[in-house]
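Chain and residue survey
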Amino acid sequence: MTNIVRPRPAATPHEPFAQRTADGLFAAPWTGRPPADDIGNVEDLSARLKEEPAHREDITLALGHLLAVRAHCQRAATARDYLTCRRHYADALKECESALFRLHSCEGAEAAALTGWALGVHALIRAQMVIAEDPAEARGLASEALGRLSGPQSALTLGAEADALSALKLQRETAELENRLLRLPDEVRAVTDSAEQAAESQLKTLNLAVAALRQRYTQAFAWVVGWGVLNLLLMAAAPLNALWLSSVPWSIPFIVLLPVIWWATWALPFRDGLPFFGYVRRLRLEAIADLREAAGDLKAPGERLAAELEPLLVAGEAAERRLRQFYLYRLPEQYETVWKARAIGEGARERLRGAWMADMIDAPPAPLAEVLQTTERVAAIIGVRLAES
C-alpha cells in the first residue's frame, strides 16, 4: 500500500506579524530605544506583506500597514528632536488610517480585534503628538486608547496589552512627573528654611552653653578665691594680734581654725557628697561637658544642607529628563523647575557658608571643634559664630 505524503503547508505570513508586534505597535522616546536593526526588519516584513497577493477581504495588507506603523513609531522613538518625532508619528497615523481602511472591508473576529487595536494605537499616537500643547487633551486621548486597547483580543493582537500599558503610563506618569516638578521648588525651600532655622537654633544653643560655661567657671573661681581669702585672713590673725591688742590673745581661735578648715576642705563633703575642690572641679567639668553636648555634630550647616538637597535635586533632574521625553523634548516652561530649585538651594548654602568658629579671649578665632578638644582652651571661649575659617 502506498502512503501518500502531503506537503506541509508553508507558514502563513501572519505568524511573523504576531512575533514582531508582541511588544506593541507604539513606541516613544520614554518607552526605551528599540534596536536599529529591528526597525529595518519590521519595514522589510511590512513591504513583503504588502506585496502578498490578497483579495479584498484578506487582512494581509492591513498587517503590512500596521507593521509600517510600528516602524515609524520606532523611528520616532530613536529621534532626538521634536520635529523628527512629529514627522514619523504623522506617517504612522497615515499608515494606521490605511490599515483601518483595509480592515473596514474585512470580516471576522481577527479583523474586529485588529480594528480595535488600530483605533487604540491611532488615539495613543495622537495623544503623544498633542501632549506638549494640551496635556489635558492628551490624557483624554490616552484614556480613549486604553478603552479601545482593552477590548477583545486574538492571536494577532497580543501586543495590544503592551500598548494599553503605554497608554496608561502616558496618562498617569506624566501627571505624576508634572506634580513632582511643580512641587520641587517648595520642597527645596522647605528644606532650606528648616536648615537655616536649625543653624540659627544651634547657634543660639551654643552661645547659651558658652554663657553657662563662663558662669560656672566664674562660680568655681569665686569659690576658690573665697577659700583663699579665708585662709589668708586666718593666717593673718597672729600678726594682726601682735600689732593690735597684743596683751589679749584673741588670735588663738583663728589660728586653731586654720588647720580645721584645711582638714574639712579635704576630708568632709562640701556639696553633693564631694569635698570642696572636688565640687569646684566638677563645676568646670560639667560646664565643658554641657558645651560639648550642645555642640554635638559640628558639621558645617552648608555641607549638611547640600547633603539633604542632593537627593531632591537628583530626583528632580531625573523627573525633568523623563518628562522631557514624554513631551518629545519640548518641555513647557512651567515644568522647568530644577534650575529654580537649585538656585534656591545655592542661595541658602551661600547664607550658611562657613564653619562653627569660637571667638577667644586674647587669641584669634579658631574652629570650635578644635577648641573643644583641648580642655584648657574651653574657658577662653567668649562666643560662637558661623564664619569662614
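Note that the structure is a prediction, hence the values are computed from the model and not measured.

1. Concerning the overall build of the protein
Counting secondary structure elements, the protein contains 14 helices and three strands. Across the 389 residues in the protein, those meeting the buried criterion constitute 41%. Of the contacts made within the protein by residues no fewer than 6 positions apart, 74% connect residues no fewer than 24 positions apart. Accessible area for the protein stands at about 21,300 Å²; split by element, carbon and sulfur atoms hold 57% of it.

2. Quick word on the confidence of the model for the protein
Residue-level pLDDT values for the protein average 86, and 90% of them are 70 or greater. Throughout residues 1–11 the model reports pLDDT below 50, and contacts reaching past four residues in sequence, or to other chains, amount to zero contacts.

3. Quick look at the packing of aromatic side chains
Enumeration according to the criterion identifies 11 aromatic pairs in this entry. Look at phenylalanine 17 and tryptophan 117: their rings are 6.2 Å apart centre to centre, the planes differ by 70°, and that puts the pair in the edge-to-face class. In this pair, phenylalanine 17 is assigned in helix α1 (residues 14–20) and tryptophan 117 in helix α5 (residues 109–130), connecting sequence segments 100 residues apart. By relative accessible area, tryptophan 117 is classed as buried at 1%. A centroid spacing of 5.0 Å and a plane angle of 85° characterise the contact between phenylalanine 276 and phenylalanine 277, whose relative ring orientation is edge-to-face. What links up through ring pairs into an aromatic cluster is the set Trp223, Trp227, Trp262, Trp266, Phe276 and Phe277.

4. Concerning unusual backbone geometry
Even without a glycine there, the phi angle at leucine 328 is positive, about 55°. Mapping leucine 328 onto the fold places it in the loop between α11 (301–326) and α12 (338–351). Of the residues examined, leucine 328 reaches a relative accessible area of 1% and is grouped as buried. Of note in the backbone geometry, tyrosine 329 takes a positive phi value of approximately 70° without being a glycine.

5. Here we look at the nonpolar core
When a protein is soluble and globular, its nonpolar side chains tend to lie buried together. Counting 70 residues, the largest nonpolar core has Tyr89, Leu114 and Ile125 as the members making the most contacts within it. Here this core takes 11 residues from helix α7 (residues 160–235), the largest share from any one element. If near-sequence neighbours (up to four positions away) are discounted, leucine 114 is found in contact with Phe17, Ile59, Leu63, Leu66, Leu103, Leu156 and Thr157. Core analysis: the second largest hydrophobic core is formed by 20 residues, Val210, Ala295, Trp356 and Ala366 among them.

6. So, the pattern of salt bridges
Counted according to the given criterion, the structure contains 17 salt bridges. Glutamate 178 is the salt-bridge partner of arginine 139, the closest N and O atoms lying 2.5 Å from each other. Taken together, the residues span a long stretch of sequence, with arginine 139 in helix α6 (residues 135–149) and glutamate 178 in helix α7 at a distance of 39 residues. Given the relative accessible area of 18%, arginine 139 is considered buried. You can call glutamate 178 buried: its relative accessible area is 6%. For arginine 353, the salt bridge is made with glutamate 350, and the minimal N-O distance between the two is 3.2 Å. We classify arginine 353 as partly exposed; its relative accessible area is 49%. For glutamate 350, a relative accessible area of 46% corresponds to the partly exposed category. Because the salt bridges share partners, they merge into one network encompassing Arg216, Arg282, Glu286 and Asp290.

7. Here's the deal with the environment of tryptophan 266
With respect to the element layout, tryptophan 266 can be found in helix α9 (residues 252–267). Linking tryptophan 266 and glycine 278, residues 12 residues apart in sequence, is a C-alpha distance of 8.9 Å. When neighbours within four sequence positions are excluded, tryptophan 266 is seen to be in contact with Pro275 and Phe277.

8. Looking at the environment of leucine 232
Structurally, leucine 232 is set in helix α7. Counting along the chain gives 26 residues from leucine 232 to leucine 258, while the straight-line C-alpha distance between them is 9.4 Å.

9. Section: the state of the cysteines
This structure, assessed with the given rule, holds zero disulfides. In this structure cysteine 73 is a free cysteine whose sulfur lies 8.3 Å from that of cysteine 96, the closest cysteine sulfur available. Residue classification places cysteine 73 among the buried positions, given a relative accessible area of 0%.

10. Concerning the packing of helix α4 (residues 82–103) against α5
It is the contact of α4 with α5, at a shortest axis distance of 10 Å, that shows an interaxial angle of 160°. What the angle tells us is that α4 and α5 run roughly antiparallel. Between α4 and α5 lies a crossing whose hand is left-handed. Of α5, the residues touching α4 (which contributes Tyr82, Arg86, Tyr89, Ala90, Ala92, Leu93, Cys96, Glu97, Leu100 and Leu103) are Ala111, Leu114, Thr115, Ala118, Leu119, His122, Ile125, Arg126, Gln128 and Met129. In terms of residue class, the contact of α4 with α5 is made up of 14 nonpolar, three polar and three charged.

11. Section: the packing of α5 against α6
Two elements in contact, α5 and α6, have axes whose closest approach is 8 Å; the angle formed by their N-to-C orientations is 165°. The orientation of α5 relative to α6 falls into the category roughly antiparallel. Like other packed secondary-structure pairs, α5 and α6 cross with a definite hand, here left-handed. Counting all contacts with α5, which are made through Gly116, Trp117, Leu119, Gly120, Val121, Ala123, Leu124, Arg126, Ala127 and Val130, the residues of α6 involved are Pro135, Glu137, Ala138, Leu141, Ala142, Glu144, Ala145, Arg148 and Leu149. Looking at the contact of α5 with α6 residue by residue, the class counts come to 13 nonpolar, two polar and four charged.

Basis of the calculations
- Residues numbered from 1 in each chain as written.
- Predicted model: local features only at pLDDT ≥ 70, side-chain atom pairs only at ≥ 80, totals over all residues.
- Heavy atoms only, no water.
- Helix = DSSP H or I, 4+ residues; strand = E, 2+ residues; numbered from the N terminus.
- Buried < 20%, exposed > 50% of the residue type's maximum accessible area, 1.4 Å probe, protein only.
- Contact = heavy atoms within 4.5 Å.
- Areas by Shrake-Rupley, 256 points an atom, 1.4 Å probe, with all protein chains shown as cover.
- pLDDT = per-residue confidence, 0-100.
- Phe/Tyr/Trp six-rings, centres within 6.5 Å; stacked < 30°, edge-to-face > 60°.
- Core = buried A, V, L, I, M, F, W, Y, C linked by side-chain atoms within 4.5 Å.
- Salt bridge = Lys/Arg side-chain N within 4 Å of Asp/Glu carboxyl O.
- Disulfide = S-S within 2.5 Å.
- Axes fitted to C-alpha atoms, helices over the stretch in contact; angles between N-to-C directions.
- Parallel < 35°, antiparallel > 145°, perpendicular 65-115°, else oblique.
- Left-handed = near helix turned anticlockwise from the far one by under 90°.
- Nonpolar A, V, L, I, M, F, W, Y, C, P; charged D, E, K, R; others polar.

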